[in-house]
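# Structural overview
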Amino acid sequence: MLSYVAKKVARAVITIWMAVTITFFLLRILPADPTLLVVEGDMTPEMQAALREQYGLDKPLLVQYGLYLGELLRGNLGVSFRQLVPVLDILLSRLPWTLLLAGSAFALTVLIGIPLGVYAAVGRGKLVDKVVQFLGVTSNALFVPSVAILLLVVFGAQLGWFPIGGAIDPRTRGAEAYASLLHHLALPLLSLALVQVGPYALTLRTNMLEVLGEDYIKSARSRGFTPRRTVWRHALRNAILPALTLMGLQLGTLIGGAVLTETIFAYPGVGRLIYEAVQQLDYPLLQGAFVLLAITVVAANLITDMVALALNPRIRS
Amino acid sequence: MKFGAAAVAAAMLALTGCALNEGEPSATGSSTDSAQEVTLRIGTTTDVSNYNPLQSLSKTDNWLLNATYPQLLRLDENAEKVPELASDYYYEDEGRTAVFELRDDFMWSDGTPVTAADVKFSAEAIMQYQLGNVAAKLTWLESIEAPDETTVKFHLSQAYAPFAEGLGFWMRIVPAHIFAEAGDLSEFANDSDWVGSGAYILESATPGQRYVLRANEHYPYAPEGGAAVDVVEYVVYPDINTMILALRNGDIDLMANPVPASAVGSLKSEDKIGLEKVASLGFAHVTYNVTREHLDKPEVRQALSMVVDTDSIITTIMQGDAQEMVGPISPIFGEFDNTGLDAYPYDPAGARALLEDNGYADADKDGFLDGLAFQMVCDQSNANLTRVAEVMRESAGEAGIRIDLACTERNTFLAATKAYDYDLDLSQWGVFDNPMDQLRSTYLSSNPGGINYNQVQDPELDALVNDAAATVDRDAFVKKIKAIDAYVHEQALLTPLYVEDFTFAYRSDRFTGFAPSPSDLLGMVTGYSLSQVTPVN
Amino acid sequence: MTAPLVVTRARRRRAFGSPSGYLSVALLLLFALTAVFGPMLVDKPRGLGADILQSPSAQHWFGTDDLGQDVFAQVIWGTRISMAVGVAASLIAIVIGTALGLLGAYVKRLDPFISTLVDVMLSLPLLPLMILVTALVGASATSLIVVIGLLSWAEVARLIRSNGMVVASMPYIDGAKVLGAGPLRIIGTELLPAVSPLIVVSVLLTAARAVISEAGLSFLGMGDPSSWSWGRILLNAQRSGVIATAWWQTLFPSLAILLLVLSATIAGIRYNDSRDPRTRGV
C-alpha cells in the first residue's frame, strides 16, 4: 500500500517537473532573445537590470534552469509584464473560480455518467444502450465554444434565466451570495459537463461490460444476489475504479474546456486569465498559468488515485 | 461515490466562498442598508492601467478618473466648455494671464476643501514631471499664482487663445495634501485609498472583475438632495459581445464602450434598451511611423492610403454612422477643415503601380513587393477597427504590401504605442478640443504632448505649426491651419478613416436622465452625467 | 482495446456495412471533397459586401456576417484549413505515437521511460500548453499543425504500446528473434504490420481531436489570420457582438465541427469494433 502511494506521488512529481521543464525550455529556446520575454519596453532600466539579475539571464542555460527551479520551489513564478505584480498572486486570486468550475463539472460528470454507463451496460444491445452510445459519441464530438454559445444565447440572452457573465453578484450576502454563485455557475458548468459526460459514460460502459463478464460476478449471482444488486454493488464498485482514474485523465481536457468556457462566460478563473494573457502578450503569466494548471491537474489525479485506493484496497496489488 | 463527489463540490464552494470574501474587502464595509442603495452597473472592456489622473492617457482609465477628480471646465452636451470646479474664467494682461475663479463648495472626500492651492499644485506637478498630454498645453506657462483660496492666475510668455479652455478641460485637479506626500509623481501609482472631489469617487478595485465608485455627497452639481445613484460599479467584460448580452440580460445597466456599428441594429428593436447617439470629437486613423524604413517615403505612405476603402468602410462596417474626412483636421472643426483636399482614391492596383514606379519589385515572386512588410497594431476592444484592420490587410496584399496584424488587448496596444513599437498604428483619437492643440501635440518634433505617433521630425512642419500658434488674426489663423491640413495630407502622414457617431446603449427600463457629452471619452459616463441619472420608478 | 489484432475481411465488411458506418464514411468523403474542390467553386470570402447580417436565404445559404461576407463560403474555405490541419497534425502525432509505442512495447529497457512520458503527456492540460507554444512561435497554419501534432501523440502511443505488447509476447516474434532479426527490424516488419489496423483507428480519432484543437485555438484568436477556419468564423461572430441575433454565424461552423468529428469518431469506432465485438455498438 505504501509503495503504491509512493509510486503515485513520484509520478505526480515527475509530471510536474516535466511540465515545468517544458515551459522553461520553450520560453528560452523559441524566441531569439530571452531578455525580450522577461524585460518589457516600458520598464525602467533599473527594473530591467533587477529582473535580469533575478533570473540570471547572463548565466549558462543550465544554471538558469537550476535557478528557475529554485525560484519555483519558493513559489516564485515571475512577474507579470502588464500588471508588474508577482504572477503567483494573480493566479491564486483566480484559481478558486477555476477549481469551483472544474470541480463541479467533474462531480456532475461523474453523477450523470455513472447511471448512463451502467444502464447502457446492463441493457447491452437494447434501446437504452443505443441511445446512451449515440449521446456519448455526440457529446464527445461537441466543441465547447459551440455549446457554450448555444447555452448563452438560449438560456442567457433569449430566455434570461441565467446571467451572461461573471461569477457572482457582489451585492449579495450570505445564503443569497451562494445562490448567486450557483446561478452564475450553471451555464459554464453545463457547457463543460455536456462535453465531458459522453466519453466518460462510454468508458464506464466498456468497463462494466468487462466486469460483468468476470467470474466473481457470476458467482455473486449464483449465490442468490439479485441482478440489480449484483450490478450496483459488485460490478459497479469494480468498474468505477478504472473509470475514476479515467476521469482523472479527462481532467486535462476538462481544464482545456474551462479555458474556452471561462472566456465566453467572462468567468474570472485561470482559463479566462490565459485568454487575457494571450491578448496582453504576457508570457510570464501564460507560463505561470500553465504550470499552475498542470499542478492542479496532477494533484487532482493524485487525489483521485487515493480515493480509488480508499474505496478498494485491492488495487494496490 | 456520489457522496464523495458532493463533498468535493461542497468543499469547492466553501473554498471559493473564502476567496470571495477576501477579494471584496470594502464591499462588506459600513453600508448596512445596501438593499436601499441604488447601484448603476456599467460595462467596460478594460482594466484600469494607471490610476494617476495626471498621467493616464487611456480613455478607459479616464472614465473612472474623470468621475473621481474634477476639472476646471467640463464639456456639455453641445461640446461647449462650461464651469465645473471653476465658476468663471477670463484673460487679463492682453491674453497673457488666464484667470480661473473657483467655486468654494467643492470638498475632497477626506473633508478638506478644494482650493486654488490644489489647482496650482496640479499644474506645477504636470510641468515638473511633464505628465500626460496636458504638459503640451503648458508650454508658454511662466508662473502660477494663487492670490486667494478661490482664484488662480496662469501667467504666460505669449498670448495663446486656446489656453484656458484647453487646460480647464484637460487638467484633473488632484488633492495637494495627498499628492505632495507621494514623492515622484511620474512614479506615483495612486492605486488605493482614493481621495477625490468629483461626482463619484473610486472606492475599491478588483482587477479583472469590478471597480466600485461611491457618490460624493458634496458634489455641487448633483440634483437637490444628492445624486439618485449611490454606487457606480464598473464591471469588466473584456469581450464586447459578452457585454452586449449582459446588457440585454440586465446584468449591467449601461455600456461605457460605444456599441459596435454592427450590433446597433439588433439593439434598436429591444424595448428595454435605450440608445443615445453622440458626435465624435476625434477620428479613426492609420498613422505611419516615419522612423521605420520605407515608411519614411511619402510615396509608400500614399500607396498605403490608396488601399483603404473609406467609403465601403463607412457604409458596411460603420453602417453609415460616420462621416468621411480628408487630412488631419476633422470636419467637426468647421471652418478649419480644408474642404479643397481630395481623398486618396481607393485603388490597390494604382498603389502597386506607384510603388513599382518608385523602385519596388517582387523579385522573389512571393506576391509581395520586396521589403514592404509592416506590422500594424490595433486595439482589440474596438470592434469596428479590428474589422477595418482585416479589410485593410487584404487590400494591402493586392497592392503588394504585406501587413501583419497585432491587434491586442487595449492596454497592451497602448503600451506598444507609448513605446512607438509599431509600423502602422490603427487607432482612434478620443477628443481634440481645438485644431491648434491637435496639430501641436501630434506633429511638433519636440513632441510636447507625447502623442506624436508619427514620430515625425520635419522642420518645415514645425515652422508651419509654430507660426500658426503665434497668429492672433482669426482669418490668417484659419488659413494657416488649412495650409497645415493640406501639407500633412500631401505627406500622407496619416490616413484618416472616419469620424464616428457613437451609439451608447443603456437599460431605459431602469434608468433615465443621462446627460451625454460628445465623444467616447466622455459619452454617458462623465461624473456630471451619472449624477443626473434617476432610476425609473 | 487489448483485443487480438486479427481483422478478417468479413469483420471489416461488417464495420462499414451498418447505416452509421457507411453514413460516417460518406460524410467524411463529403468533407474531404469539399476541402479539395470547394474552394475552386466558391470565391474566397473577402472585402466588404453590401448585405450585412442577412439571415440564410437562397442567395446566401448560411447568411452573411457583419462585413457582408457569405458565411457559406467561409465554411467551405474553413473546411480546407480545418481538415488540412487536422490530418497533418494527426499524421505527426501518429508517427511519433506509433514509434514510441512500439519501442516501449518491444524494448523493455526503454519502456519505463516511454510509459512515464506517455502518462505525463496524458495528464498535462494540453490546450493551455498549445496556447503557450502558439503564442511564442506566432500564429500560422504551419505552427498550428506542428504544435497540435507534437502535443497529441500520447493517446496513440498508449494504444499502440498496449497492443504492441500483446503482439510482442507472441511466439512467432521470439521465432524471428531466434532467426537473428534485430529489434528495429522486428518492430518494422513484425509489430508494425500487426498494429496497423489500430493505426487506422488512431488516425481517425486523432484527426478528430486535432480538428477540435485547431478550432479551439482559432477561436481564441491564435489561428492563421490569413486563412479561414471554422474556429475563426466563431471568433468573428463573438467579436462583432451579434451572436445573440445572427445565429447562422455560429450555428453552421458549429455543425460542421460536430459532423466532421462525429463521423470520424464513428468511423473509427466501427472499424475498431470489427476487431472486438464485445464493445460493439453505435
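Conventions adopted
Residues numbered from 1 in each chain as written. Chains lettered and ligands numbered in written order. Predicted model: local features only at pLDDT ≥ 70, side-chain atom pairs only at ≥ 80, totals over all residues. Helix = DSSP H or I, 4+ residues; strand = E, 2+ residues; numbered from the N terminus. Buried ≥ 20, exposed ≤ 12 C-beta atoms within 10 Å, placed from the backbone. Contact = placed C-beta atoms within 7 Å. Rg over C-alpha atoms; globule rule 2.2 N^0.38 Å. Expected span 1.5 Å × (residues − 1). Bend = angle between axes of the 7 residues up to and from the residue. Core = buried A, V, L, I, M, F, W, Y, C linked by C-beta atoms within 7 Å. Pairing = 2+ DSSP bridges. Axes fitted to C-alpha atoms, helices over the stretch in contact; angles between N-to-C directions. pLDDT = per-residue confidence, 0-100. Parallel < 35°, antiparallel > 145°, perpendicular 65-115°, else oblique. Left-handed = near helix turned anticlockwise from the far one by under 90°. Nonpolar A, V, L, I, M, F, W, Y, C, P; charged D, E, K, R; others polar.

### A look at the overall build of chain A
Summing up its helical and strand segments, chain A has 12 helices and zero strands in all. Walking chain A from its N terminus toward its C terminus, one meets helices and strands in the order α-α-α-α-α-α-α-α-α-α-α-α. Each of the 317 residues in chain A was classed as buried or not, and the buried ones make up 50%. Within chain A, contacts between residues separated by at least 24 positions form 70% of all contacts whose residues are at least 6 apart in sequence.

### Some thoughts on the overall build of chain B
The helix and strand inventory of chain B stands at 16 helices and 21 strands. Computed over C-alpha atoms, the radius of gyration of chain B comes to 25 Å, within 12% of the 24 Å expected from 2.2 N^0.38 for 537 residues, which places it in the range of a compact globule. Across its three principal axes, chain B shows a C-alpha extent of roughly 80 × 75 × 45 Å. Across the 537 residues that make up chain B, the buried fraction comes to 56%. When contacts within chain B are restricted to residue pairs at least 6 apart in sequence, those whose partners lie at least 24 apart make up 71%.

### Considerations on the interface of chain A and chain C
With 45 residues of chain A at the contact, the number on the chain C side is 40 residues. Counting residues per element, the ones that place at least two in the side of chain A that touches chain C are α1 (2–29), α6 (127–141), α7 (144–158), α8 (174–212), α10 (227–264), α11 (270–279) and α12 (283–311) of chain A. With nine residues, the single largest contributor to the side of chain A that touches chain C is α12(A).

### A word on helix α5 (residues 87–122) of chain A
Residue and element names in this part refer to chain A. With 36 residues, α5 ought to run about 52 Å at 1.5 Å a step, and its terminal C-alpha atoms sit 50 Å apart, in line with that. The largest bend in α5 is about 35°, located at R94, with the proline P96 one to four residues further on. By the criterion of burial, α5 is predominantly enclosed, with 28 of the 36 residues buried.

### Focus on the nonpolar core
Of all hydrophobic cores here, the largest spans 350 residues; its most connected members are A:L101, A:I274, A:L286, A:A289, B:Y498, C:M130 and C:I131. Here this core gets 20 residues from one element, more than from any other, and that element is α5(A). In this structure, B:Y498 is in contact with B:F283, B:A284, B:T310, B:I313, B:I314, B:M318, B:A322, B:Q323, B:E324 and B:M325, ignoring residues within four places of it in sequence.

### Structural notes on the sheet that holds strand β6 (residues 141–148) of chain B
Residues and elements named next belong to chain B. Pairing is antiparallel in the open sheet, where four strands are placed in the order β4-β5-β7-β6. The open sheet has two free edges, formed respectively by β4 (86–92) and β6, since each of these has just one partner strand. Strand-to-strand twist of the sheet, defined as the mean angle between neighbouring strand axes without regard to direction, takes the value 15°. Across five bridges, the pairing between β6 and strand β7 (residues 151–156) is antiparallel.

### Points about the confidence of the model for chain B
All names here are of chain B. In the predicted model, chain B carries a mean pLDDT of 89, and 93% of its residues have values of at least 70. Here residues 1–9 is a poorly scored stretch, pLDDT under 50, and it has 12 contacts once near neighbours within four places are set aside; other chains count. For residues 15–34, every residue scores under 50 in pLDDT, and the model assigns this stretch 19 contacts once sequence neighbours within four places are set aside. Confidence estimates for the predicted assembly give a pTM of 0.82 and an ipTM of 0.86.

### Let's talk about unusual backbone geometry
As a rule of thumb, non-glycine residues mostly have phi less than zero, and peptide bonds are mostly trans rather than cis. A positive phi angle is found at B:N190, which is not glycine, with a value near 50°. Position of B:N190 relative to the elements: it lies in the loop between α5 (176–179) and β8 (200–206). Of note in the backbone geometry, C:L53 takes a positive phi value of approximately 50° without being a glycine. Looking at the element boundaries, C:L53 is found in the loop between α2 (19–41) and α3 (71–106).

### A look at the sheet that holds strand β16 (residues 402–408) of chain B
What links the strands of a sheet is backbone hydrogen bonding, and the strands pair in either a parallel or an antiparallel sense. Residues and elements named next belong to chain B. Read from one edge of the open sheet, six strands run β14-β18-β13-β17-β15-β16, paired in mixed fashion. Because the sheet does not close on itself, it has two edges, and the strands there are β14 (322–323) and β16. With seven bridges joining them, strand β15 (residues 373–379) and β16 adopt parallel strand pairing. Residue pairing for β16: Q375 is matched across the bridge by D404. Most of the contacts of helix α9 (residues 310–317) go to strand β18 (residues 494–500), to which it runs at about 30°, and overall it touches β14 and β18. Against the sheet, helix α11 (residues 383–398) engages β13 (284–288), β15, β16, β17 (424–428) and β18, with an angle of about 165° to β16.

### Re the pairing of β17(B)
Residue and element names in this part refer to chain B. By the criterion of burial, β17 is predominantly enclosed, with five of the five residues buried. Both faces of β17 are covered, namely the face carrying L424, L426 and Q428 and the face carrying D425 and S427. Of the strand pairs in this sheet, β13 and β17 are connected by five bridges, and their pairing is antiparallel. Pairing of H285 across the sheet is with S427, part of β17. Where β15 lies against β17, three bridges are found, and the strand directions are parallel. Opposite V377, over in β17, you have D425 as the bridge partner.

### Describing the environment of B:S312
Residue and element names in this part refer to chain B. Among the structural elements, S312 can be located in helix α9. Residue classification places S312 among the partly exposed residues on the basis of 19 C-beta atoms within 10 Å. Spatially, the C-alpha atoms of S312 and Y346 are 9.8 Å apart, while their sequence positions differ by 34 residues.

### What to know about the packing of helix α5 (residues 126–137) of chain C against helix α9 (residues 183–219) of chain C
Residue and element names in this part refer to chain C. Contact pair α5 / α9: the axes reach a minimum separation of 11 Å and the direction vectors enclose 55°. If you check the angle between α5 and α9, you find them oblique. At the point where α5 passes α9, the crossing takes the right-handed sense. Contacts between α5 and α9 involve L127, M130, I131 and T134 from the first element and S213, G216 and L217 from the second. When its residues are assigned to classes, the contact of α5 with α9 shows four nonpolar, three polar and no charged.

### Some details on α6(A)
In this model α6(A) runs 21 Å from its N-terminal to its C-terminal C-alpha over 15 residues, within 8% of the 21 Å that 1.5 Å per residue would give. Considered for burial, the residues of α6(A) that qualify are A:V132, A:Q133, A:G136, A:V137, A:S139, A:N140 and A:A141.

### Section: the environment of B:N338
All names here are of chain B. For N338, the location among the structural elements is in the loop between β14 and α10 (348–357). Residue classification places N338 among the buried positions, given that 21 C-beta atoms sit within 10 Å. Beyond its immediate stretch of four places on either side in the chain, N338 contacts G327, I329, K482, D485 and A486.

### Focus on the pairing of β18(B)
For a regular strand, the rule is simple: side chains alternate between the two faces of the sheet. All names here are of chain B. Where burial is concerned, most of β18 is hidden: seven out of the seven residues are buried. Across four bridges, β13 lies against β18 in antiparallel orientation. Looking at β18, one finds that T287 is bridged to L494. Of the strand pairs in this sheet, β14 and β18 are connected by two bridges, and their pairing is antiparallel. Of the residues in β18, the one forming a bridge with A322 is E500.

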